[in-house]
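What follows is the residue order along each chain.
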Amino acid sequence: MALTGLQIYKLLPKTNCKECGFPTCLAFAMKLAAKQAELSQCPYVSEEAKQALAEASAPPIRLVTIGVGDRKIEIGNEIVLFRHEKTFYHPPGIFIKIKDTQPLEEAKKFAQDVINYSVERVGRTFSPDGLAIENASGDPAKFAACVEAIRSVTPDHPFVLISENPEAMKAALEKEGGKNPLLYAATPQNWQEMAQLAKEKNLPLAVKADGDLSALANLAEQIREAGVEDLVLDPGKDDPAGSLAVMTQIRRLALKQNFRPLGYPMITMPGRRAKSLEEEVLLAAQHIAKYGGVIVLEHFDPAVLYPLFTLRLNIYTDPQKPIQVSPGVYEIGKPGPNSPLLVTTNFSLTYFSVSGETSASGIPSWLLVCDTEGMSVLTAWAAGKFDAEKIAKSVKQYAVEEKIQHRKIIIPGHVAVISGELEDELPGWEVMVGPREAIDIPNFLKAFWSTN
């Protein structure tokens with residue numbers, strides 16, 4: 001059972017040294033009880049206390065790492081059921097499946113296509129996180145050859161190795177390259193051999209059950225007692241309602257009841273029994289929201305991946321810290337002294353929408369980005385962070401007058417109400433009210449921009 005903050009405090013050194021990052025030992029104890037700190041932050045805790053506090057200080061959902069280096073992904077270690085309570089920290093890894101029944105050259109080309117795909121969204125580049133290689137043939141030699149071939153063209157990407165045959169898994173690991181793959185999966189029939197292999201190689205291991213949470217918890221506990229700590233759970237439910245219910249139960253039991261046998265991240269395979277690509281995508285989207293850690297897709301389709309990446313970005317963005325760009329003056333194209341000057345906020349989505357549409361107009365322009373703490377235009381205006389005074393201050397702060405000969409500034413149509421105030425703040429300037437939506441910027445510039 002989890003300890004309270006006061007119970008934890010009694011086991012701490014009570015020196016109030018502040019070396020843990022908190023002002024007092026009591027404050028540190030309260031953070032430990034809330035799973036918002038780690039016992040390792042205290043340099044003076046005794047070994048006896050460490051043993052007593054191990055259960056209380058452990059995160060409710062274990063952090064599991066797949067892969068190595070810059071390509072590694074970390075899953076788990078979440079502390080809330082709902083994003084608005086605090087935030088979600090570790091986005092699920094999106095993996096694409098390859099079967100060892102494919103010809104090796106075809107599999108290699110497919111793997112290259114997967115890892116070469118990338119898309120940019122609000123200044124960030126996204127691509128599939130790794131590859132899941134399935135022993136569909138049932139032949140250990142074919143499985144090993146497929147893993148070796150794919151590793152030859154993907155030297156750094158994480159793998160999920162899919163086989164319930166321990167001998168096939170051993171053969172594949174000899175060719176995998178030591179990049180810390182996830183082994184999938186231990187079942188009631190093979191768990192001793194799979195657990196021994198995972199323990200010997202110090203690798204994460206997926207645990208699979210067919211929708212029975214009691215059986216899943218018992219199996220995970222047996223494997224943990226066998227010495228494997230890094231586990232990933234496959235609840236075994238593939239329909240939308242069933243998977244939502246069981247994954248929510250697992251998350252709730254881990255966080256609210258501190259039920260350790262289910263305190264691990266989850267792996268899902270939304271295409272395992274999907275009847276169409278559309279059904280697989282919808283289920284994958286559900287698992288991104290609640291509560292997948294690794295999502296293995298049967299199909300590779302850029303038209304599918306882009307919305308899934310966008311959804312994941314939106315859900316795993318801290319709601320208290322909006323994505324933002326640095327304020328300043330940006331060049332769109334190669335603007336000159338007579339190019340138009342537009343102004344917007346530093347909320348990333350707003351910036352990239354405005355800059356993208358401005359670029360699409362074909363008219364080189366200057367874009368003044370004001371520091372609004374990452375808020376969008378209307379939100380910042382309502383909060384008093386995007387007003388005439390702020391814009392005028394930004395014009396002076398970033399020496400806009402040195403870059404242009406004219407004295408015209410285009411403000412977003414949603415804040416047309418500040419145009420008079422802005423003219424007072426910028427004497428001699430003409431304030432032009434631009435469109436309300438970014439998509440209308442090209443037509444606006446072509447129709448209304450003039451320096452004469």
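See above for the structure.
Computed from a predicted structure; not experimentally measured. Each chain carries its own residue numbering, running from 1 in the written order of its sequence. In keeping with the predicted nature of the model, local features appear solely for residues at pLDDT of at least 70, side-chain atom pairs appear and are counted solely at 80 or more, and the whole-chain, interface and lining totals rest on all residues. For side-chain calculations, the full set of non-hydrogen atoms in the structure is used, while hydrogens and water are omitted.

*Asks:* Honestly, the overall build of the chain in this entry has me stumped. Any pointers?
*Replies:* Each helix and strand counted, the chain has 16 helices and 17 strands in total. Dimensions of the chain, computed from C-alpha atoms along their principal axes, come out at roughly 80 × 65 × 40 Å. Categorising residues by exposure relies on relative accessible area from a 1.4 Å probe, with only protein chains included: less than 20% of the type maximum marks a residue as buried, more than 50% marks it as exposed, and the intermediate range marks it as partly exposed. A burial count over the chain gives 48% of its 452 residues as buried. For the area figures, the Shrake-Rupley method with a 1.4 Å probe applies, and any residue is considered shielded solely by the protein chains shown. Split by element, the accessible area of the chain, about 20,900 Å² in all, is 49% carbon and sulfur. With 47 positive and 55 negative side-chain charges, the chain shows a spacing of 3 Å between the two charge centroids. Elements are defined by DSSP. Helices are runs of H or I of four residues or more, strands are runs of E of two residues or more, and each kind is numbered from the N terminus. Charge convention: Lys and Arg are scored as positive, Asp and Glu as negative, and His as well as the terminal groups of each chain are ignored. Lysine's charge is taken at NZ, arginine's at CZ, aspartate's at CG and glutamate's at CD.

*Asks:* Where do I start with a negative patch on the surface in this structure?
*Replies:* Patch membership requires more than 30% relative accessible area and the absence of a salt bridge. Residues of like charge join within 9 Å; the nonpolar side chains Val, Leu, Ile, Met, Phe, Trp and Tyr join within 5 Å. Each salt bridge in this description consists of a side-chain nitrogen of Lys or Arg and a carboxyl oxygen of Asp or Glu lying within 4 Å of one another. Side chains of Glu389, Glu421, Glu423, Asp424, Glu425 and Glu430 sit close together on the surface and give a patch of like negative charge. With four residues, the single largest contributor to the negative patch is helix α15 (residues 419-425). Mapped onto the elements, Glu430 comes out in strand β17 (residues 430-433). Exposure remark for Glu430: the relative accessible area of 38% places this residue in the partly exposed category.

*Asks:* Quick question: what am I supposed to make of helix α7 (residues 191-201) here?
*Replies:* The α-helix winds at 3.6 residues per turn, so residues separated by three or four positions along the chain end up facing the same way. Among all positions in α7, only Trp191, Met194, Ala195, Leu197 and Ala198 are buried. Mapping the buried residues of α7 onto a view down its axis gives an arc of 160°, with all of them on the same face. Two residues or fewer after α7 comes Asn202, characterised by a positive phi angle close to 55°. The arc in question is traced by the directions running from the helix axis to the C-beta atoms.

*Asks:* I'm lost on the environment of Ala172 in this one. Help?
*Replies:* Position of Ala172 among the secondary structure elements: in helix α6 (residues 166-176). Note on Ala172: relative accessible area 0%, which makes it buried. Through-space distance from the C-alpha of Ala172 to that of Leu182 is 12 Å; in sequence the pair is 10 residues apart.

*Asks:* Could you clarify how one ought to interpret the sheet that holds strand β8 (residues 182-186) in this entry?
*Replies:* Strand pairing in a sheet is mediated by backbone hydrogen bonds. Such pairs are either parallel or antiparallel. The pairing criterion for strands is at least two bridges between them, as found by DSSP. The strand order β10-β9-β8-β7-β6-β3-β12-β11 describes an open sheet built from eight strands, whose pairing is parallel. Both edges of this open sheet fall to β10 (231-234) and β11 (267-268), since each of them pairs with a single strand only. Relative to strand β7 (residues 159-162), strand β6 (residues 130-134) runs parallel, the two sharing four bridges. From the neighbouring strand, Ile133 faces β7, where its bridge partner is Leu161. Should any heavy atoms of two residues lie within 4.5 Å, those residues are counted as being in contact. To get an axis, fit a line to the C-alpha atoms, keeping to the stretch in contact for a helix; angles then go from 0 to 180 degrees between the N-to-C directions. Seen against the sheet, helix α4 (residues 104-116) touches β3 (93-99) and β6 and runs at an angle of roughly 165° to β3.

*Asks:* Can you help me understand the nonpolar core in this one?
*Replies:* The nonpolar side chains of soluble globular proteins are, as a tendency, buried together. Side-chain atoms within 4.5 Å link the members of a nonpolar core, which is a set of buried Ala, Val, Leu, Ile, Met, Phe, Trp, Tyr and Cys residues. With 70 residues, the main nonpolar core has Leu131, Leu161, Leu183, Leu205, Ile223 and Leu233 as its most contacted residues. In contact with Leu183, other than residues within four places in its own chain, are Leu161, Met169, Leu173, Leu197, Ala198, Leu203, Pro204, Leu205 and Ala206. Core analysis: the second largest hydrophobic core is formed by 22 residues, Ala380, Phe386, Val395 and Ile404 among them.

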